[in-house]
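# Inside the fold
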Amino acid sequence: MTWTTADTWIVVAGALTAASCALLGNYLVLRRMSMMGDAISHAVLPGLAVAFVLTGSRANLPMFVGAAVVGVLTAMLTQSIHSLGQVEQSASMGVVFTLLFAVGLVLMELWARHVDLDPGCVLFGAIELVALDTTVRLAGLDVPWAVVTLAGMFAVNTAFVLLFYKELKISSFDPKLSTTLGINANLMHYLLMGLVAATSVACFPIVGSILVIAMLIVPPAAAHLLTDRLSTMIVLSVALAGASAVLGHLGAVTVPGWFGFRDTSIAGMMAVAAGAILTIAILFAPRHGIVSRALHRVRLTLQVAQEDALGLLYRVEEMPSPRPPVAVPALRQALALGPLTARATLAGLVRSGKVEWGGQGYRLTERGRDDARRMVRAHRLWESYLVQFMGLPPDHVHSAAMRLEHVTDPAMQRQLADRTEQPQRDPHGMSIPPAD
Amino acid sequence: MAAYESVRNAVAGLSAAKAGLASRLWPATAKMATGDEHPRTAPLSIHDMTVAYHRKPVLWDVDFDAPQGKLIGIIGPNGAGKSTLIKAAMDLVPKVSGRVLIYGKPYAKQRHLVGYVPQRESVDWDFPVSALDVVTMGRYGKIGWCRPVTRKHREAAMEALQRVGMADYAGRQISQLSGGQQQRVFFARALVQDASLYFMDEPFAGVDAATEKAIVALLQELRRAGKTVLVVHHDLQTVSEYFDHLIMLNMRIVAAGPTQDVFTRDNLHRTYGGRLTLLDEAAQAIAQTGGGP
Amino acid sequence: MSCGADRAGLLLTAAVADHLSQALRVLTLRDYNTRVVVVGTILLGVAAGLIGTFMLLRKRALMGDTISHATLPGIGIAFIVMTALGGDGKSLPGLLLGAVLSSAAGIGCMLAIRHGTRLKDDVALGAVLSVFFGLGVAVLGIVQSMSRGNAAGLESFIYGKTASMLARDAAMIAVAAGLVALVCGLLFKEFALVCFDQEFAAAGGWPVLALDAVMVGLVVAVTVIGLQAVGLILVVALLIIPPAAARFWTDRLSRMLLAAAAIGAISGLAGAMLSALLPHLPAGAIIVIVAGAIFSVSLVIGPRRGVFVRLREHLRLRRTVARQHLLRAMYERVEAITAARVGTAAPTAGGDAAAVPRSALLKARSWSQGYLQRLLRRGQRWGLVEPAGPDSYRLTPAGAVEAARVSRNHRLWEMYLITHADVAPSHVDRDADQIEHVLGHEMVAQLEALMASEASRAAVPPSPHAIERDSNTAAPGSSARGSASG
């Protein structure tokens, strides 16, 4: 493909849309109100229709205001049906937005002559036509009017998020506390909803409502999986939104080609790209990703097996001769490990120089013995603790101690020793190895 | 859960392996692997049960045999795992380890012998059903799939409502009942289950004095009929008055037995007096090793 | 019709007559097309109302929204595949199969997000909805650029094409509606149990997951079938609005199901008729607007939890409280006067009730002049008080009985709250007519004995708190100040 100015403007418009939405979307996701984005972007349809008829034009301040009003109205109607009629929140939302959407459709048909906008345009947008829009001369560039509008919207949303950062944070996290602190959570809620509506309207003619919903929810959701900090999450969501716009455009032009088709809807592909990013985040996010968690679990299993193996070798050393040789089969039997895990465990221990092959079986090295002593010490201290403080019979504490020894750091070990008054022997009469 | 399980598996392997190296190393643990010393026909027999919520262990190594035909109170501080104990007994929460037998068989085979009174907050009281409808739900298990509720079942439900003194309210929508009345409806629902073993989760929470009295009378009636009832309870003042048997719980069983034997100052102190901070910390650490929620 | 307003009267009459005959044709279902459409929309309304009720009660109302949006990629892909295989791209069974498969995939993704990540339900719904819809739009974009196959008409899945519904479509809706009605009928009690008390259902061994799957499966069926009729956004409305409206009319699940089905049917009928009369308006939207109108009416006048009913209840409560306050104020004044005069406590009912000056009543509670005036007038209308002279009132015989009962109850409750301070005040039903019903005879006897002994010891009127207060604003729970000498 050849990259033209039109492509640049499409990507810029898409990225601005995506970023504007993602900024606000963070708070929808955190407030568990993602579906409000869906509701509002559907419900502003009648607002749009009325605004078009009243003002007769597309990009007008009154139109944004009108849409914002409808957006706030959606939120308020949802709230009042919920409280007046005891209708569950999401159901009440469903009633309001589907009804408003239907009203919007009818109004558009009624005033079809006045409105050069059809529902299709609202759903899908016409981002392909961005570059054909009338342009404004800015800094030596012919900037399409749509891009200017979107940049304005992005600026407004950025200002909102920056200015009200702490207010939004507290009112999203704990609305009641926020209100008692003098930050009216309801006011923040409706401000946010109004802005979501205005943003939807700014973006509709260009990318359609699907992309608005996708960008409100999906990049913030992905960002939420990638970080635990709000500020990082916001920045990240904007970046991911921008990335979805670029990837979406590229995808729209190239992907259909692989199957022998021409290009396809850019807005649709942008939503798909955002979905792909979310999928990657779900799978590979460093702490919360499914794959990362699985890997972490494998590592943990190995670590636990290694620690158990060290403890086992140590206990064998404690036994009177003749000591049984500890090779793979014995280890597998004693620790109930699979063949693969057992080999990986021993290989890891040998590599880190904690265990060596001694002809008939494995034995501890000096380094390994230190680690092993700590494990066994933790184990036996826990056994003493459990017997003393939980009142468990001595023959019941082994399994619990086996679990606990792996999470016992030196500080906890010291506390344990203090609480149990530095015992010399565990409840089974085995001697507790010294700390060092 | 898997992180925790992997640790547990390693342990289970140890305690299960009776021959070879393991038994030489840990002779003392060989005994606990089987539970044959427990009477198989006890209404409820819990053996070596450990339960974790979100990887955080909330019950450790619980061993308990419920005596037949007794009112058994379960007491302990908040977060001690009281509700978890009965939910785990009914397979409502997964067990990390251990075994539960109802009259000698797994719960799945003995459902018809078990009645349940959940916590009142567990349901949506705005639901469009009448008190009678709720009580009839206790018969659904006996009615079976796809069969409609017949008059016979409604009559049984009505009779149960009568027993709890709620016959006048049979047609009321449940949100129009007071807290005590709602609890009585739940109690009636358990009654029509016609079970031998009952689990009740805080049936006295938020009820008025008359309801409390009525429920106590019904509990005693159940005992006379030879039923075994486990009741999660939080009011220490009424413990010795209401219950023959007691489980004192704080993440593990501190004491269990006849009330007059175990309801002692010493046991109370061990149950309520301070958390085992080190154990808490370790449990937290186990929970965190899995990462994520 | 406005176009004829300034024309000659004859023309106007002709135009009106024309419209009327057209309307008559529609209303009497003389057109075959109209009949098909009406039957189709009615049945769709019934099916959606039935299964929507269970979804609403399961608190999954918006799941239909996601399911319907998630059908789009399947429709597009099915078209491409069928065209590529050389078949008819618009073969309905193929398209519907595609829709079912892709909404199933959407549900799968939703479950994966909900259970596999820390993202919440709402994100799962929204993300799947928007991404699948985006994918659908992208696929439709490809379809439109295809050289083979005629893609025109695929958008009807998004907006619906109610007015041009074919007999075949109506038949399919009938099958779906029959299936939904059959399953909802057979599994009525199972669905109800899972929706009401999932935990109890699980403890009883009912397969909660499988029942949920059946419910969602029916939603998929209704959605997919409804797509063509009203479009994928508005079919959501039919799943949510009729059940939500039905809830205002009944407190019984079985009746709620019938009501939801009926409201769905009426919406379908009225909507289809209206749009036949106004052919340039989108019929799907009209159906939803009719449903919305029914919802609004139900919200206001529904006999169960409707706004009116609740308002009336609120007013009734205020009236009851005012009545009790008046009675107690009168009773306490009378009591004080009699005690002072005769030296005995508690005036006997129906006896010579003393007159109470209005100024004394005014001091009893924080009443304004005007409010007390109104209250006294209402008291007279209720037959509880009567004027006993200029600016003074007395209890009627009936009023005295009632006042004695109200005051006794009140005092017993006060006493109960004082002696049983460990009982949370919210757990006592102070409005109960018969305190014995709530507390039991024994307890009441105990309290009465306690009250009598307090009265004899302190030699004050048997009220647990002083009544000679100028302002009586004490909340019931805070009145445990004990007896003060009068």
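Because the structure is a prediction, the values reported are computed rather than measured.

## Points about the overall build of chain B
Within chain B, the secondary structure is distributed over 13 helices and nine strands. A total accessible area of about 11200 Å² is found for chain B, and carbon and sulfur atoms account for 50% of it.

## A closer look at the overall build of chain C
In terms of helices and strands, chain C carries 20 helices and three strands. Evaluated residue by residue, chain C yields a buried proportion of 52% over its 486 residues. When the accessible surface of chain C is totalled, it reaches about 20800 Å², and 63% of it is carbon and sulfur.

## Focus on a nonpolar patch on the surface
Residue and element names in this part refer to chain C. A cluster of nonpolar side chains, namely W249, V297, V300, I301 and F308, defines an oily patch on the protein surface of about 440 Å² accessible area. Sorting elements by how many residues they give to the nonpolar patch places helix 14 (residues 283-301) first, with three residues. By the element assignment, F308 lies in helix 15 (residues 307-342).

## Section: the sheet that holds strand 2 (residues 385-389) of chain C
Residue and element names in this part refer to chain C. Here we have three strands laid out as an open sheet, ordered 1-3-2, and antiparallel in their pairing. Lying at the two open borders of the sheet, with one neighbouring strand each, are strand 1 (356-357) and strand 2. Of the pairings in the sheet, the one linking strand 2 to strand 3 (residues 392-395) comprises four bridges and is antiparallel in character. The partner of P387 across the bridge, within strand 3, is Y393. Running over the sheet, helix 17 (residues 369-381) touches strand 2 and strand 3 and is turned about 110° from strand 2.

## Side note on the sheet that holds strand 1 (residues 44-53) of chain B
An order of 2-1-4 (chain B) is seen for the three strands of this open sheet, with the pairing classed as antiparallel. Each of the sheet's edge strands pairs with one partner strand only, and the pair in question is strand 2 (56-66) and strand 4 (95-102) of chain B. Here the strands of the sheet are splayed against their neighbours by 15° on average, with no regard to which way each runs. The pairing of strand 1 of chain B with strand 4 of chain B spans six bridges and is classified as antiparallel. By the bridge assignment for strand 4 of chain B, L44 of chain B is matched with I102 of chain B. The sheet contacts of helix 16 (residues 397-404) of chain A involve strand 1 and strand 2 of chain B, and relative to strand 2 of chain B the element is tilted by about 175°.

## Side note on the interface of chain C and chain A
In this complex, chain C contributes 55 residues to the contact, which on the side of chain A involves 60 residues. Across the chain C/chain A interface, buried area totals approximately 4700 Å², and carbon plus sulfur atoms make up 76% of it. If you sort the residues of chain C by the area they bury against chain A, L62, R118 and Y159 of chain C come out on top, with a joint share of 13%. Linking chain C with chain A are one salt bridge, by the criterion used here. Measuring nitrogen to oxygen at the nearest pair gives 2.6 Å for the salt bridge that ties R118 of chain C to D228 of chain A.

## As for the environment of F160 of chain A
Residues and elements named next belong to chain A. Mapping F160 onto the fold places it in helix 6 (residues 145-163). Assessed through its relative accessible area of 7%, F160 is described here as buried. Placed 32 residues apart in sequence, F160 and L192 show a C-alpha to C-alpha distance of 9.0 Å.

## A word on the nonpolar core
Counting 294 residues, the largest nonpolar core has L278 of chain A, L44, F199, L219 and L230 of chain B together with F295 of chain C as its most contacted members. Ranked by residue count, the leading element in this core is helix 9 (residues 185-226) of chain A, at 27 residues. Ranked by size, the runner-up nonpolar core spans 23 residues in total, among them Y385 and I432 of chain A together with W60 and I286 of chain B.

## Notes on the packing of helix 1 (residues 5-30) of chain A against helix 6 of chain A
Residue and element names in this part refer to chain A. Between helix 1 and helix 6, the least distance of the axes is 9 Å, while the angle of their chain directions is 25°. Judged on the interaxial angle alone, helix 6 and helix 1 are roughly parallel. Note on packing geometry: the crossing formed by helix 1 with helix 6 is left-handed. Residues W9, V12, A13, L16, T17, A19, S20, L23, L24 and Y27 of helix 1 form the contact with helix 6, whose participating residues are V147, L150, A151, M153, F154, N157, T158, F160 and V161. Broken down by class, the residue content of the contact of helix 1 with helix 6 amounts to 15 nonpolar, four polar and no charged.

## Some points on the confidence of the model for chain C
Residues and elements named next belong to chain C. Averaged over all residues, the pLDDT of chain C equals 81, while 82% of them reach at least 70. Summarising per-element confidence for chain C, the mean pLDDT is lowest in helix 19 (residues 435-439) (60) and highest in helix 9 (residues 188-196) (94). Predicted confidence is poor over residues 1-5, with pLDDT under 50, and the contacts of this stretch with residues over four places away or in other chains come to two contacts. Low pLDDT, under 50, characterises residues 464-486; the predicted model gives this stretch 38 contacts beyond four residues in sequence or across chains.

## A look at the packing of helix 12 (residues 290-318) of chain A against helix 15 (residues 366-389) of chain A
Residues and elements named next belong to chain A. Across the interface, helix 12 lies against helix 15 with an axial gap of 8 Å and an inter-helix angle of 90°. Compared by their axis directions, helix 12 and helix 15 come out roughly perpendicular. On helix 15, the residues touching E307, L310, G311, Y314, R315, E317 and E318 of helix 12 are G368, R369, D371, A372, R373, M375, V376, H379 and R380. Broken down by class, the residue content of the contact of helix 12 with helix 15 amounts to five nonpolar, three polar and eight charged.

## Here we look at the pairing of strand 9 (residues 253-258) of chain B
With five bridges joining them, strand 8 (residues 245-249) of chain B and strand 9 of chain B adopt antiparallel strand pairing. Across the sheet, M248 of chain B pairs through a bridge with A255 of chain B, a residue of strand 9 of chain B.

## Let's talk about the packing of aromatic side chains
Per the stated rule, a full pass over the model turns up eleven aromatic pairs over all chains. Between the aromatic rings of W357 of chain A and Y362 of chain A, the centroid separation amounts to 4.8 Å while the plane-to-plane angle is 70°, which identifies the pairing as edge-to-face. Take W357 of chain A: its relative accessible area is 47%, and that puts it in the partly exposed class. One aromatic cluster in this structure is built from W125, F127 and F186 of chain B together with F196 of chain C. Over the ring of F186 of chain B we find R189 of chain B, and its NZ or CZ is 4.6 Å from the ring centre. When the ring centre of Y140 of chain B is taken as reference, the NZ or CZ atom of K189 of chain C above it lies at 5.8 Å.

## Looking at the confidence of the model for chain B
Looking at chain B as a whole, its pLDDT mean stands at 81, while 82% of the residues score no less than 70. Across residues 1-20 of chain B, where pLDDT falls below 50, the model places 44 contacts with residues more than four positions away in sequence or in other chains.

## A look at the environment of L238 of chain C
Residues and elements named next belong to chain C. Structurally, the position occupied by L238 is in helix 12 (residues 234-246). Each C-alpha atom of the pair L238 and V222 lies 9.9 Å from the other, and the pair is 16 residues apart in sequence. Dropping the residues within four chain positions of it, L238 is found in contact with L44, A48, G49, V230, P243 and I287.

## A few points about the environment of P67 of chain B
All names here are of chain B. For P67, the location among the structural elements is in the loop between strand 2 and strand 3 (71-75). Among the residues examined, P67 registers a relative accessible area of 22% and is labelled partly exposed. For P67 and P258, which are 191 residues apart along the polypeptide, the C-alpha to C-alpha distance reads 9.7 Å. Residues within four places of P67 in sequence aside, it is in contact with P43, I72, T228 and H245.

## Comments concerning the pattern of salt bridges
Tallied over the full model, the rule gives 33 salt bridges over all chains. Of the charged contacts, one joins R369 of chain A and E366 of chain A as a salt bridge, the two residues approaching to 2.9 Å between their closest N and O atoms. Placement of the pair is R369 of chain A and E366 of chain A together in helix 15, with a separation of three residues, close to one helical turn. Judged by its relative accessible area of 21%, R369 of chain A is partly exposed. Shared partners join several salt bridges into a network, and the residues in it are D228 and R287 of chain A together with R118 of chain C.

## So, unusual backbone geometry
One can expect most non-glycine residues to show negative phi and most peptide bonds to be in trans. Positive phi is not limited to glycine here, since R32 of chain A has a value of about 55°. Within the fold, R32 of chain A resides in the loop between helix 1 and helix 2 (34-55). The class of R32 of chain A is exposed, set by a relative accessible area of 54%. Despite not being glycine, Y103 of chain B shows a phi value in the positive range, around 45°.

## Re the side chain of T117 of chain C
As for its placement among the helices and strands, T117 of chain C is situated in the loop between helix 5 (92-116) and helix 6 (121-144). Side-chain polar atoms of T117 of chain C contact the backbone oxygen of I113 of chain C, separated by 2.7 Å. Within the structure, T117 of chain C has its side chain in polar contact with the backbone nitrogen of L119 of chain C (distance 3.0 Å). Filtering out sequence-adjacent residues up to four positions away, T117 of chain C remains in contact with L225 and I282 of chain A together with A112 of chain C.

## Side note on helix 8 (residues 179-192) of chain B
Residues that lie three or four places apart on an α-helix share one face, since the helix turns once every 3.6 residues. For helix 8 of chain B, spanning 14 residues, the distance from its first C-alpha to its last is 20 Å, which sits close to the expected 20 Å at 1.5 Å a residue. D194 of chain B lies just past helix 8 of chain B and shows a positive phi near 50°.

Scoring rules and cut-offs
Residues numbered from 1 in each chain as written. Chains lettered and ligands numbered in written order. Predicted model: local features only at pLDDT ≥ 70, side-chain atom pairs only at ≥ 80, totals over all residues. Heavy atoms only, no water. Helix = DSSP H or I, 4+ residues; strand = E, 2+ residues; numbered from the N terminus. Areas by Shrake-Rupley, 256 points an atom, 1.4 Å probe, with all protein chains shown as cover. Buried < 20%, exposed > 50% of the residue type's maximum accessible area, 1.4 Å probe, protein only. Patch = residues over 30% accessible without salt bridge, like charges linked within 9 Å, V, L, I, M, F, W, Y side chains within 5 Å. Salt bridge = Lys/Arg side-chain N within 4 Å of Asp/Glu carboxyl O. Pairing = 2+ DSSP bridges. Contact = heavy atoms within 4.5 Å. Axes fitted to C-alpha atoms, helices over the stretch in contact; angles between N-to-C directions. Buried area = accessible area lost by both parts, 1.4 Å probe. Core = buried A, V, L, I, M, F, W, Y, C linked by side-chain atoms within 4.5 Å. Parallel < 35°, antiparallel > 145°, perpendicular 65-115°, else oblique. Left-handed = near helix turned anticlockwise from the far one by under 90°. Nonpolar A, V, L, I, M, F, W, Y, C, P; charged D, E, K, R; others polar. pLDDT = per-residue confidence, 0-100. Phe/Tyr/Trp six-rings, centres within 6.5 Å; stacked < 30°, edge-to-face > 60°. Lys NZ or Arg CZ within 6 Å of the ring centre and 35° of its normal. Polar contact = N/O pair within 3.5 Å; in protein donor to acceptor, adjacent residues only side chain to side chain. Expected span 1.5 Å × (residues − 1).

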